[in-house]
There are 2 protein chains.
Amino acid sequence: MTVTIKDIAHASGVSYSTVSKALRNSPLVKPDTKKKVLQVAEQLGYTPNFAARSLASKKSQTIGLVWPTIERIALSALVTKINEVVEKNSYSMILSVNRAKEAVELFKSFRVDGIMIFEEGGETQLSDDTGLTIPILSYGVSGEHTHPIIDVNHKKAIYKAVAYLYQLGHKNISYVGDLSPADKRQIEKSKGFEEVMMEAGLKLSRNSILNTNGLSWYNGYTAAKKLLQQTSKPTAIISGSYDISVGILRAVKEQQLSIPEDLSLISYDNIPQMASLETPLTSVGVPIDQLAHKMVDSLLSLIREPGSIPLTQKMDPELNVRMSCASPAVLGKENN
Amino acid sequence: MTVTIKDIAHASGVSYSTVSKALRNSPLVKPDTKKKVLQVAEQLGYTPNFAARSLASKKSQTIGLVWPTIERIALSALVTKINEVVEKNSYSMILSVNRAKEAVELFKSFRVDGIMIFEEGGETQLSDDTGLTIPILSYGVSGEHTHPIIDVNHKKAIYKAVAYLYQLGHKNISYVGDLSPADKRQIEKSKGFEEVMMEAGLKLSRNSILNTNGLSWYNGYTAAKKLLQQTSKPTAIISGSYDISVGILRAVKEQQLSIPEDLSLISYDNIPQMASLETPLTSVGVPIDQLAHKMVDSLLSLIREPGSIPLTQKMDPELNVRMSCASPAVLGKENN
DNA sequence: TTGTACGCGTTATCAG
DNA sequence: CTGATAACGCGTACAA
């Protein structure tokens, strides 16, 4: 039999409405009574019923996080951090690994106070809410969108990567990433690369931008393999994501090449996992701490007051130097 | 303004109890009315209120999954699969990345119908529920436990790994894993190794079982590095987990050794990520499809009828051959 | 087959 | 400060 506030009221000799107040730490109850009630609640093993609470208060103190791509691990550290920040703000967080549409439906049913969406790949077009409307915040790419998003300044990221490589002496740099038109974020990365290279006066050849046709490690692997088998190889590669980098590493190994001796590699995604690869990679991206705080603060602000944050907020990426870059080999090496 | 069944009732000219029945697809309503009600509901953009539904029915049709170690990616594929199976059974699933204790509290507040716990490392002792009691199923190691668990037959796994290596000609096999007494699962793995080696008549030296003192890739890395620097190296290693294997790979690379030419490696954890490593690893473990089905079926059965499943269920592991094992090098090589 | 009425556990609004 | 009491949205006996 479940313990309710009525049971507590009975056991502690006050009315259940007083119990309710005491449990919510209302200033309207005498400290003595409050203490007693809490004690009894503890003793009885009381667990609040969110369903009832949410039904009565129209608030759930919970936010939902949609994360359909848990296999793409680039985000797991971010999720953990976000959870931490959420709790610090005395909210709870629940996740769903369903596709965005289904997950949002689920969260709506739960009447979460706000929703965060992590989508990599094709962004779902969320139907205009005919019914109830819940604050939604996406970690996504700028463009047409009705919900606010937190985005990364992709061009700046690419800029930092290219500048770093340039300073090491690289002129022949390739970008390897997914170019499928459905994924705006990936498009933006490659376009940024194009622009930065132009601005730096570095020439773009046919091999400068390589389409992996997908975001999995295998796509990166096949693309890199093709690239590395050619006679005129780049001296440095910028990879569009963690997973693609994993594939590139594999291809590099199979071609008996060494990083950074034969090839420098910078990866997108500034995550801890970069350091634990068989070859630790230098990377660019927004530090997860910053991202987590920005996202949670924004969503909570949105919950408090609709329209209180800009539709687009861009975060500044940073370069995280590890050991996968070096000055390009001397000329003779090119005939390899 | 949120749409409720009363609104639907009003708009479609029936009572709201009829609407309720229609929405739940009860046989007690005429198909005509049912169709009409559903249509109106759709039109109005109705979203059921789980809070209310759960309050009234005392069921949430939702299970909670506790997963504090999302960084340890070995389980992400399993989680996705479980979600799939759960939905197929017309339940929903929500996740929490909190520590088990907090997560269970959260889920209890939500009145989920059942809870699954994924803990790697120290298993939390859940307090005896003074209050409400929810079916809990753990993915854990056998031992003292009050909640039912799904476990892996670790000894069999090790047996398969050793047998495979033995057949390839290996006699000098080491196990590299975490031996911290807090983690029963890891203990069981290493003990299994010991037993199997004894039974196979293979001798155990001081280097046969190596304690990584932790489960992260870095722990695997330092342990392997120490091992590989010695003059008498094993010809094959069995690694206790995916992450540890990642570390071993890194150490192997730094020592300028090749897999499988200089060293064979089999990893625990039968997950897709094994194939995408820079060096794809042969692995042993329970196929995730089987695991997912067993876990979901067991929990649902537990929800339907408490005590309807055994306290411990062991799953049979399988060997997944990739390319990280070969016959040991000829004798001369040993002087490397 | 449909409608009425009550209860689920909690919050919130008043009146004491 | 405390205690009734009316919602909150829905499921479900029970009545019609």
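Small disclaimer: the values here were computed from a predicted structure and weren't measured. All residue numbers here refer to positions counted from 1 along the written sequence of the relevant chain. Numbering of ligands from 1 and lettering of chains from A proceed in the order in which they are written. Local features are withheld for residues below a pLDDT of 70 in this predicted model, meaning they are given only at 70 or higher, and side-chain atom pairs are given and counted only at 80 or more; totals for whole chains, interfaces and linings count all residues. The side-chain figures draw on all heavy atoms in the structure; neither hydrogens nor water molecules are used.

**Comments concerning the overall build of chain A**
Tallying secondary structure elements over chain A gives 11 helices and 12 strands in all. The C-alpha atoms of chain A give a radius of gyration of 26 Å, which is well past the 20 Å a tight globule of 336 residues would have. Here's how the labels work: a residue is buried when its accessible area is under 20% of the maximum for its type, exposed when over 50%, partly exposed in between, all with a 1.4 Å probe on protein chains only. Within chain A, the fraction of its 336 residues that count as buried is 55%. The contacts in chain A between residues at least 6 apart in sequence include a share of 70% that link residues at least 24 apart. Per-residue and other accessible areas were derived by the Shrake-Rupley procedure at a 1.4 Å probe size, with only the shown protein chains allowed to occlude residues. For chain A, the accessible surface area stands at approximately 15100 Å², while carbon and sulfur atoms represent 51% of it. Taken as two groups, the 37 positive and 34 negative side-chain charges of chain A have centres that lie 4 Å from each other. Each helix is a run of H or I in the DSSP string that is no shorter than four residues. Each strand is a run of E no shorter than two, and both are numbered from the N terminus. It is over C-alpha atoms that the radius of gyration is taken, and the globule rule equals 2.2 Å times the number of residues to the power 0.38. Residue contacts are counted whenever heavy atoms from the two residues lie within 4.5 Å of one another. Only four residue types enter the charge count: Lys and Arg as positive, Asp and Glu as negative, with His and the chain ends excluded. Working definition for charges: the position is that of NZ of Lys, CZ of Arg, CG of Asp or CD of Glu.

**Remarks on the domain arrangement of chain A**
Quite often, the size of an interface is put as the accessible area lost when its parts meet. Residue ranges for the domains originate in an automatic or database domain assignment. Domain annotation of chain A identifies domain 1 (5-40), domain 2 (62-152 + 288-315) and domain 3 (154-287). For domain 2 of chain A versus domain 3 of chain A, the distance between C-alpha centres works out to 28 Å.

**Quick notes on the interface of chain B and chain A**
In this assembly, 49 residues from chain B lie in contact with 51 residues from chain A. Between chain B and chain A, the buried area comes to about 4600 Å², and carbon and sulfur atoms account for 59% of it. Put simply, a salt bridge is a Lys or Arg side-chain nitrogen that is within 4 Å of an Asp or Glu carboxyl oxygen. Where chain B packs against chain A, one counts 0 salt bridges. At the level of secondary structure, the elements contributing two or more residues to the side of chain B that touches chain A comprise α3 (31-44), α4 (50-57), α5 (76-88), β2 (92-96), α6 (100-110) and α10 (242-254) of chain B. Among the elements that make up the side of chain B that touches chain A, the one with the highest residue count is α5(B) (6 residues). Accessible area that two parts lose when put together, evaluated with a 1.4 Å probe and summed over both, is termed the buried area.

**What about the sheet that holds strand β6 (residues 173-177) of chain A?**
Residues and elements named next belong to chain A. Pairing within the open sheet is mixed, and its 6 strands lie in the order β7-β6-β8-β9-β10-β12. Two strands lie at the open edges of the sheet, namely β7 (209-211) and β12 (318-320), each paired on one side alone. Between one strand axis and the next, the sheet turns by 20° as a mean value, whatever way the strands run. Between any two strands, pairing holds if DSSP finds at least two bridges. Across 3 bridges, the pairing between strand β10 (residues 282-285) and β12 is antiparallel. To define axes, lines are fitted to C-alpha atoms, for helices over the stretch in contact only, and angles between the resulting N-to-C directions are given on a 0 to 180 degree scale.

**Here's the deal with the protein's contact with DNA strand C**
Of all residues adjacent to DNA strand C, which total 26 residues, the nearest are A:Ile5, A:Ser20, A:Tyr46, B:Ser15 and B:Thr18. By convention in this text, a residue qualifies as near a molecule or strand provided that one of its non-hydrogen atoms is within 4 Å of it. By atom count, sugar and phosphate contribute 65% of the portion of DNA strand C lying within 4 Å of the protein. Contacts described as polar in this section are N or O atom pairs within 3.5 Å, which, within protein, must combine one atom able to donate a hydrogen with one able to accept it, while residues neighboring in sequence count only if both atoms come from side chains. B:Ser17 is positioned with one of its side-chain polar atoms (N or O) 3.1 Å from a base nitrogen of DNA strand C. Elements represented by at least two residues in the surface near DNA strand C include exactly α2 (16-23) and α4 (50-57) of chain A together with α2 (16-23) and α4 of chain B. Three residue categories are used. Nonpolar comprises Ala, Val, Leu, Ile, Met, Phe, Trp, Tyr, Cys and Pro, charged comprises Asp, Glu, Lys and Arg, and polar comprises the others, including Gly. When its residues are assigned to classes, the surface near DNA strand C shows 12 nonpolar, 9 polar and 5 charged.

**Some thoughts on unusual backbone geometry**
The omega torsion of the bond from A:Ile259 to A:Pro260 falls at 5°, within 30 degrees of zero and hence cis. Looking at the element boundaries, A:Pro260 is found in the loop between α10 (242-254) and β9 (264-268). Its identity as a non-glycine residue notwithstanding, B:Lys58 has a phi of 60°, on the positive side. Locating B:Lys58 in the fold gives a position in the loop between α4 and β1 (62-66).

**Brief notes about the UniProt feature "domain: HTH lacI-type" (unreviewed entry) in chain A**
Within the UniProt annotation, "domain: HTH lacI-type" (unreviewed entry) is assigned to residues 3-57 of chain A. Annotated as 69% helix and 0% strand, the span residues 3-57 of chain A places its first and last C-alpha atoms 20 Å apart. UniProt positions are given in the numbering used here, feature names are shortened, and annotations may be inferred rather than shown by experiment.

**Remarks on the environment of A:Asp316**
All names here are of chain A. Along the chain, the position of Asp316 falls in the loop between β11 (312-315) and β12. As for Asp316 and Pro328, which are separated by 12 residues in sequence, their C-alpha atoms are 28 Å apart. When sequence neighbours within four positions are dropped, the list of residues in contact with Asp316 reads Asn153, Lys156, Val286, Pro287 and Gln290. A polar side-chain atom of Asp316 sits 3.3 Å from a polar atom in the side chain of Lys156.

**Here we look at α4(A)**
Those residues of α4(A) that sit buried are A:Phe50, A:Ala51 and A:Ser54. The arc that holds every buried residue of α4(A), seen down its axis, measures 100°, which confines them to one face. Here the buried face of α4(A) lies against β1 (62-66) of chain A together with α4 and α6 of chain B. You can read the cap of α4(A) off the contacts: a side-chain oxygen lies 2.8 Å from the backbone nitrogen of A:Ala51, and it is on A:Asn49. The positive-phi residue at the C-terminal boundary of α4(A) is A:Lys58, with phi of around 65°. This arc describes the spread of directions from the helix axis toward the C-beta atoms.

**Topic: the relation of the copies chain B and chain A**
What sets the superposition is a least-squares fit of C-alpha atoms, and only residues with pLDDT of at least 70 in both copies go into it. By a simple turn and slide, chain B fits onto chain A: the slide is 0.0 Å along the axis, the RMSD is 0.1 Å, and the turn is 180°. Here the two chains are linked by the operation of a two-fold rotation axis. No C-alpha of chain B approaches the rotation axis more nearly than that of B:Ala51, which lies at 2.0 Å. Comparing interface residues between copies, 100% of those in chain B also sit at the interface in chain A, which points to an isologous, same-surface contact.

**A look at the protein's contact with DNA strand D**
Within the structure, DNA strand D sits among 26 residues, and A:Thr18, A:Lys21, B:Ile5, B:Ser20 and B:Tyr46 are positioned closest to it. Note that a phosphate oxygen of DNA strand D is positioned 2.7 Å from one of the side-chain N or O atoms of A:Thr18. Within the side chain of A:Lys21, one N or O atom sits 2.5 Å away from a base oxygen of DNA strand D. Among the secondary structure elements, those contributing two or more residues to the surface near DNA strand D are α2 and α4 of chain A together with α2 and α4 of chain B.

**Quick notes on the pattern of salt bridges**
Residue and element names in this part refer to chain B. By the definition in use, this model includes 19 salt bridges over all chains. Between Lys156 and Asp316 there is a salt bridge, with its nearest N and O atoms 3.3 Å apart. Here Lys156, found in helix α7 (residues 154-168), pairs with Asp316, found in the loop between β11 (312-315) and β12 (318-320); they are 160 residues apart in sequence, far enough to count as distant. On the basis of relative accessibility, which here comes to 33%, the residue Lys156 falls in the partly exposed class. For Asp316, a relative accessible area of 39% corresponds to the partly exposed category. A salt bridge links Lys225 to Glu254; its shortest N-O distance comes to 3.0 Å. Of this pair, Lys225 sits in helix α9 (residues 217-229) while Glu254 sits in helix α10; the two residues are 29 residues apart in sequence, bridging distant segments of the chain. Judged by relative accessible area, Lys225 falls into the partly exposed class, the value being 24%.

**Re the nonpolar core**
Only buried residues count toward a nonpolar core. Its members are Ala, Val, Leu, Ile, Met, Phe, Trp, Tyr and Cys residues joined through side-chain atoms within 4.5 Å. Judged by nonpolar contacts, the single largest core of 63 residues is most densely connected at A:Ile82, A:Phe118, B:Ile82 and B:Phe118. Ranked by the residues each element gives to this core, the list is headed by helix α11 (residues 288-304) of chain B, at 9 residues. When sequence neighbours within four positions are dropped, the list of residues in contact with B:Ile82 reads B:Met93, B:Met116, B:Phe118, B:Ala292, B:Met295 and B:Val296. Grouped together as the second largest cluster of nonpolar side chains are 28 residues, A:Ile134, B:Val66, B:Val112 and B:Ile117 included.

**Remarks on the pairing of β11(A)**
All names here are of chain A. Only one face of β11 is covered, namely the face carrying Gln313 and Met315; the face carrying Thr312 and Lys314 is uncovered. Bridge analysis of strand β5 (residues 149-152) against β11 gives 4 bridges, and the strand direction is parallel. By the bridge assignment for β11, Val152 is matched with Met315.

**Structural notes on the packing of α9(B) against α10(B)**
Residue and element names in this part refer to chain B. Running from N to C, α9 and α10 point in directions that differ by 40°, and their axes come no closer than 7 Å. As summarised for this structure, α9 and α10 are arranged oblique, according to the angle between their axes. Where α9 crosses over α10, the two elements pack in a sense that is right-handed. Of the residues in α10, those in contact with Trp217, Gly220, Tyr221, Ala224, Lys225 and Leu228 of α9 are Asp243, Ile244, Val246, Gly247, Ile248, Arg250, Ala251, Val252 and Glu254. Counted by class, the contact of α9 with α10 contains 9 nonpolar, 2 polar and 4 charged residues. For this classification, under 35 degrees means roughly parallel, over 145 means roughly antiparallel, 65 to 115 means roughly perpendicular, and everything else is oblique. Each helix crossing is assigned a hand: it is left-handed if the near helix lies turned anticlockwise from the far helix by less than a right angle, otherwise right-handed if that turn is clockwise.

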